[in-house]
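This is what each chain is made of:
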Amino acid sequence: MEEKLVLLCDGTIDGILTAVYEGFVIKNQRFGMESREYRDNIDICVSCNYNSYMFAEYIDIPKDYDKSLKTAAAIRKKIGEEAYNMVIKALCHYDEERASLVFGFLVRGFKLGKGVVNMLGDKYVMKVMELSRKAGNEAYRFIEHIRFKDMGEALYSVIEPKCRVIPLIGAHFDERYPNENWIIYDKTNREAALHKCFQPWIIVSGDAFDRSSAFYDNISGRNSRNLQCYEEDNYEELWKTFLDSLYIKERKNERCQNNLLPKWYRKNMTEFM
Amino acid sequence: MELNGTDTDKSTEHMTVDACREGKPVSGTILAENISMEEKLRILSDAAKYDVACTSSGVDRKGNGKTMGSTVGCGICHSFTPDGRCVSLLKILFTNECIFDCKYCINRSSNDVPRATFTPDEICRLTIEFYRRNYIEGLFLSSGILRSPNYTMELMYETIYKLRKEWRFNGYVHVKAIPGADSILVENIGYLADRMSVNLEFPTADGLKKLAPHKNRKNILTPMKEIQTGIENNRHMNGIDNKYTRMEIDDAKYLEESRNILEDRLGLNKYTLNGPESHIPHNEVNIGKKTSLTGGYVGTKSRYFVPAGQSTQMIVGATDESDYHIINVTEALYDNYDLKRVFYSAFINVNNDADLPSTVNGAGLLREHRLYQADWLLRFYGFKAKELLSEDNPYFNDKIDPKCDWAVRHLEHFPVEINKADYYTLLRVPGIGVKSAKRIIAARRHGSLTFDDIKKMGVVLKRALYFITCKGRMMYQTKLEEKYITNHLIYNEPPHSMLAGGSSVTYTQMNISDFISCEDW
Ligand code: SF4
């Protein structure tokens with residue numbers, strides 16, 4: 001039977017890219033040259049229990065930033081920016097198989113170069129393309145629909161996306177608000193983007209996030225309960241006024257609105273709260 | 001300027017309540033100073049809402065790292081209203097006072113409606129605060145005519161100037177030029193705005209004369225030409241000769257541009273003219289009455305003039321032009337005035353004017369939708385107006401879209417072989433768009449494609465299948481026959497269910513997301 005090798009890592013982008021690095025090392029050792037043909041024998045698992053495959057061999061891969069950076073650089077150089085973007089977006093998707101799919105994609109990519117992104121006939125390429133499109137689309141939705149509250153010391157926003165959108169949208173807001181302090185808190189994935197006026201933005205996730213999570217929950221709590229410690233934001237009312245007078249009653253079509261802006265996205269939007 | 005009316009029940013109601021509470025006499029006209037910000041916003045956004053040109057697309061400008069704002073080339077919709085329209089800009093009038101009396105417009109001087117006027121600072125603050133909260137991409141400023149076109153345009157200029165220079169706003173700005181305003185004002189605003197537009201209002205000069213007695217065609221076409229010339233000269237100055245190249249603005253250039261403008265302004269103060277119409281809105285700011293040293297639309301290197309291009313709008317259905325007439329006008333506007341977009345707005349009879357057709361209904365919206373589809377074919381698919389319609393066949397088919405309509409009337413071009421046809425031939429196939437055509441061309445280099453493959457690439461097979469072959473074979477055994485195909489296409493696209501207010505989204509307001517998906521940002 002086919003031998004299976006399962007690499008276990010945490011689900012972060014760095015964790016997965018480290019596993020990809022180790023994956024190629026192992027592949028070259030064991031499946032080098034003509035000795036044994038490589039038939040996608042290596043899986044990378046982000047939330048595995050050990051019995052996904054009865055007879056697989058499991059290896060734990062600890063996160064290593066050096067290796068992750070090396071992998072990223074190699075992808076950009078050998079397969080191109082487009083493929084790299086695709087990989088990063090795909091890794092932001094929540095699909096449990098994302099890491100294995102990306103690994104399969106990269107195996108083909110390093111063999112074929114830039115052209116790999118057009119090989120939609122291949123299962124791995126197609127899947128990675130799909131994940132990357134889905135994550136990218138969701139991120140774009142958040143670029144459009146995130147709402148900030150003015151909390152005095154910073155602009156603050158809570159989101160509940162399905163994919164990890166923060167790595168994909170931070171740069172946009174960095175461009176947009178270089179002169180503001182802002183925080184985007186992703187409740188689902190428990191991470192946050194922080195930006196201090198005129199400084200580079202950063203992502204806080206994992207342990208660092210957990211250590212300060214009380215802070216985020218606290219402000220999001222204040223946020224929703226609308227405590228008096230903050231002046232009520234006058235512009236939120238003005239925004240609702242604006243939207244209300246903007247729409248043309250003769251052309252009302254809520255079905256259309258629902259299609260364009262699914263209810264699911266509205267959860268944290270000022271105008272629907 | 002472009003507005004053609006509104007439903008003011010709500011604002012009137014509010015006005016009345018507020019006025020009573022404050023013990024003021026209830027009257028139609030209320031002085032701006034007595035109105036709360038909320039009331040002003042309600043009145044002045046309500047009055048602006050019929051302008052459909054609400055996209056923020058067309059210019060990619062990275063942030064400059066210092067001041068707020070960037071623009072994104074493909075457009076961003078921040079919200080959607082219950083009528084399914086994209087909200088991207090703070091779309092307001094500077095004032096809804098107006099000395100003109102256009103029949104189709106709610107703000108016409110003969111109407112008794114609540115009036116309000118913003119101050120430049122109010123608009124700046126509102127724009128900035130909305131922008132900070134990620135509500136909008138920028139500002140869309142239009143206006144009724146207060147005192148005179150120049151007086152109004154000066155106030156608008158002051159607003160945009162302050163927004164850029166004092167509030168240091170680097171996001172998107174679209175300004176309507178007021179017909180009849182001095183060309184210098186148009187030029188100066190052009191250097192600060194991303195997009196400008198002048199509304200054509202109606203396809204013919206006759207229609208305009210009948211419905212907008214104070215406007216004339218010349219006053220509309222003149223600024224349009226001026227803006228076009230400005231854009232062209234500016235492109236040459238910046239070494240861009242191909243008119244389809246989108247301007248990419250980097251930070252360094254943008255900063256330099258802003259500095260140049262600022263320096264010019266300071267230098268120009270000496271040359272301030274005080275003509276009969278000039279007015280000084282605030283003592284401390286002496287802008288809005290500058291004369292240009294260049295004497296016209298020469299433009300300067302590294303200063304960008306209306307980088308996102310020019311657009312216009314036509315009201316459809318108030319006068320009796322045919323679709324054929326309208327798309328010919330559209331084509332001429334694209335060819336002769338180099339417009340970026342022409343927008344269409346189904347007429348709504350807000351004033352219940354007996355001379356005018358009654359308010360929009362499903363047919364009006366469907367017509368508007370067909371015009372947008374045809375417009376798209378003109379701009380991106382290489383179609384000519386006279387291919388789509390003719391004197392003998394002057395209206396679009398209400399049952400199938402213009403592209404399908406063209407295809408069934410030109411079956412001699414079909415079927416098209418997916419694995420061989422060139423790009424422009426592919427584009428003419430119903431169900432194949434710009435994106436899928438490009439994907440097909442790229443993918444078939446790696447091997448010949450099947451129906452399954454092209455479906456994955458976004459081809460809408462239920463429309464395309466009658467017109468294409470893959471490896472020499474049709475998908476099903478369909479007949480290449482006008483009637484047969486038309487019936488099947490109609491069956492796929494049942495018209496009744498799609499009328500506005502009905503159950504489907506297809507014929508409601510066009511929005512950019514129908515056409516442009518931003519997945520590759
Ligand atoms: S000129 Fe005045 S009346 Fe005519 S459309 Fe513009 S705002 Fe309305």
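This is a predicted model, so every value here is computed, not measured.

### Overview of the overall build of chain B
A tally of regular secondary structure across chain B gives 17 helices and 12 strands. A burial count over chain B gives 61% of its 521 residues as buried. Intrachain contacts of chain B at a sequence separation of at least 6 include 71% that bridge at least 24 residues. A total accessible area of about 20300 Å² is found for chain B, and carbon and sulfur atoms account for 51% of it.

### Focus: the overall build of chain A
The helix and strand inventory of chain A stands at 9 helices and 8 strands. For chain A, restricting intrachain contacts to residue pairs at least 6 apart in sequence, the fraction spanning at least 24 positions comes to 66%. Accessible area of chain A: about 13300 Å², with a carbon and sulfur share of 50%.

### Points about the sheet that holds strand β4 (residues 149-150) of chain A
All names here are of chain A. With respect to topology, 5 strands assemble into an open sheet ordered β4-β5-β6-β7-β8, the strand pairing being mixed. Strands at the two margins of the open sheet, each flanked by one partner only, are β4 and β8 (202-204). Taken together, the 3 bridges between strand β7 (residues 191-195) and β8 define a ladder with antiparallel strand orientation. Along β8, the bridge assignment pairs L194 with I202.

### Describing the nonpolar core
A general tendency of soluble globular proteins is for nonpolar side chains to be buried together. A:F105, A:I184, A:F242, B:F130, B:M153, B:I454 and B:F467 are the most contacted members of the largest nonpolar core, which totals 201 residues. Among all residues touching B:F467, those that are not within four sequence positions of it are B:A407, B:V408, B:L411, B:F414, B:P415, B:V416, B:V429, B:P430, B:I485 and B:L489. With 9 residues, the next largest nonpolar core counts A:M151, A:Y156, A:A192 and A:V204 among its residues.

### Observations concerning the pattern of salt bridges
Tallying each qualifying case throughout the model produces 30 salt bridges over all chains. Residues B:R132 and A:D150 are paired through a salt bridge, measuring 3.0 Å at the closest nitrogen-oxygen approach. Note that B:R132 is positioned in helix α3 (residues 120-132) and A:D150 in strand β4, a pairing that runs across two chains. Residue class for A:D150 comes out partly exposed when judged on its relative accessible area of 25%. Between B:R409 and B:D405 there is a salt bridge; the shortest N-O distance is 3.6 Å.

### Observations regarding the environment of B:F467
Residue and element names in this part refer to chain B. Locating F467 in the fold gives a position in the loop between α16 (461-464) and β12 (468-469). Take F467: its relative accessible area is 0%, and that puts it in the buried class. For the pair F467 and C86, spaced 381 residues apart in the sequence, the C-alpha separation amounts to 34 Å.

### Examining the packing of aromatic side chains
All chains considered together, the criterion is met by 24 aromatic pairs over all chains. Judged by centre distance (5.2 Å) and plane angle (80 degrees), the rings of B:Y104 and B:F202 are edge-to-face. With B:Y104 in the loop between β4 (89-93) and α3 and B:F202 in the loop between β7 (195-197) and α6 (205-211), this pair connects stretches of sequence that are 98 residues apart. Accessibility expressed as a relative area gives 0% for B:F202, which makes it buried. Grouping aromatic residues by their ring pairs yields a cluster made of A:F148, A:F173, A:Y177, A:W182, B:Y131 and B:F169. Here the basic side chain of B:K91 rests over the ring of B:F140, its NZ or CZ set 5.9 Å away from the ring centre.

### Here's the deal with the domain arrangement of chain A
All names here are of chain A. On domain assignment, one finds that chain A holds domain 1 (4-138), domain 2 (146-228) and domain 3 (234-272). Listed per partner, the contact involves 7 residues of domain 2 and 8 residues of domain 3. With both sides pooled, the region where domain 2 packs onto domain 3 buries about 660 Å², and carbon together with sulfur makes up 41% of that total. It is R147, E160 and K162 in domain 2 that bury the most area against domain 3; as a group they hold 74% of the surface buried on that side. Here K149 makes a salt bridge to E236, at a shortest N to O gap of 3.1 Å. Where domain 2 packs against domain 3, one counts 1 residue pair in polar contact (both at pLDDT 80 or more). Its residues assigned to classes, the side of domain 2 that touches domain 3 shows 3 nonpolar, no polar and 4 charged.

### Observations regarding the state of the cysteines
Under the definition given, this model contains 0 disulfides over all chains. A:C163 takes part in no disulfide bond, and the closest cysteine sulfur, belonging to A:C92, lies 7.8 Å away. You can see B:C470 has no disulfide; the closest cysteine sulfur is in B:C404, sitting 18 Å from it.

### Quick word on the pairing of strand β2 (residues 42-45) of chain A
All names here are of chain A. Of the two faces of β2, the one carrying I42 and I44 and the one carrying D43 and C45 are both buried. Strand direction decides the pairing type here: strand β1 (residues 5-8) and β2, joined by 4 bridges, are parallel. Bridge pairing links L5 to I42 in β2.

### Describing the packing of helix α3 (residues 81-92) of chain A against helix α4 (residues 98-112) of chain A
All names here are of chain A. Contact geometry for α3 and α4: axes closest at 9 Å, N-to-C directions at 165 degrees. Judged by the inter-axis angle, α3 sits roughly antiparallel to α4. The handedness of the crossing between α3 and α4 is right-handed. Residues A83, M86, V87, A90 and L91 of α3 form the contact with α4, whose participating residues are R98, A99, V102, F105 and L106. Class assignment of the residues belonging to the contact of α3 with α4 gives a composition of 9 nonpolar, no polar and 1 charged.

### So, helix α1 (residues 13-30) of chain A
Residues spaced three or four apart along an α-helix point in a common direction, a consequence of the helix completing one turn every 3.6 residues. In this model α1(A) runs 25 Å from its N-terminal to its C-terminal C-alpha over 18 residues, within 8% of the 26 Å that 1.5 Å per residue would give. Buried residues in α1(A) make contact with β1, β2, β3 (57-60), α2 (65-78), α3 and α4 of chain A.

### Things to note about the environment of B:S183
Position of B:S183 among the secondary structure elements: in helix α5 (residues 183-190). Separated by 194 residues in sequence, B:S183 and B:L377 have C-alpha atoms that sit 33 Å apart.

What counts and what doesn't
- Residues numbered from 1 in each chain as written.
- Chains lettered and ligands numbered in written order.
- Predicted model: local features only at pLDDT ≥ 70, side-chain atom pairs only at ≥ 80, totals over all residues.
- Heavy atoms only, no water.
- Helix = DSSP H or I, 4+ residues; strand = E, 2+ residues; numbered from the N terminus.
- Buried < 20%, exposed > 50% of the residue type's maximum accessible area, 1.4 Å probe, protein only.
- Contact = heavy atoms within 4.5 Å.
- Areas by Shrake-Rupley, 256 points an atom, 1.4 Å probe, with all protein chains shown as cover.
- Pairing = 2+ DSSP bridges.
- Core = buried A, V, L, I, M, F, W, Y, C linked by side-chain atoms within 4.5 Å.
- Salt bridge = Lys/Arg side-chain N within 4 Å of Asp/Glu carboxyl O.
- Phe/Tyr/Trp six-rings, centres within 6.5 Å; stacked < 30°, edge-to-face > 60°.
- Lys NZ or Arg CZ within 6 Å of the ring centre and 35° of its normal.
- Domains from an automatic or database assignment.
- Buried area = accessible area lost by both parts, 1.4 Å probe.
- Polar contact = N/O pair within 3.5 Å; in protein donor to acceptor, adjacent residues only side chain to side chain.
- Nonpolar A, V, L, I, M, F, W, Y, C, P; charged D, E, K, R; others polar.
- Disulfide = S-S within 2.5 Å.
- Axes fitted to C-alpha atoms, helices over the stretch in contact; angles between N-to-C directions.
- Parallel < 35°, antiparallel > 145°, perpendicular 65-115°, else oblique.
- Left-handed = near helix turned anticlockwise from the far one by under 90°.
- Expected span 1.5 Å × (residues − 1).

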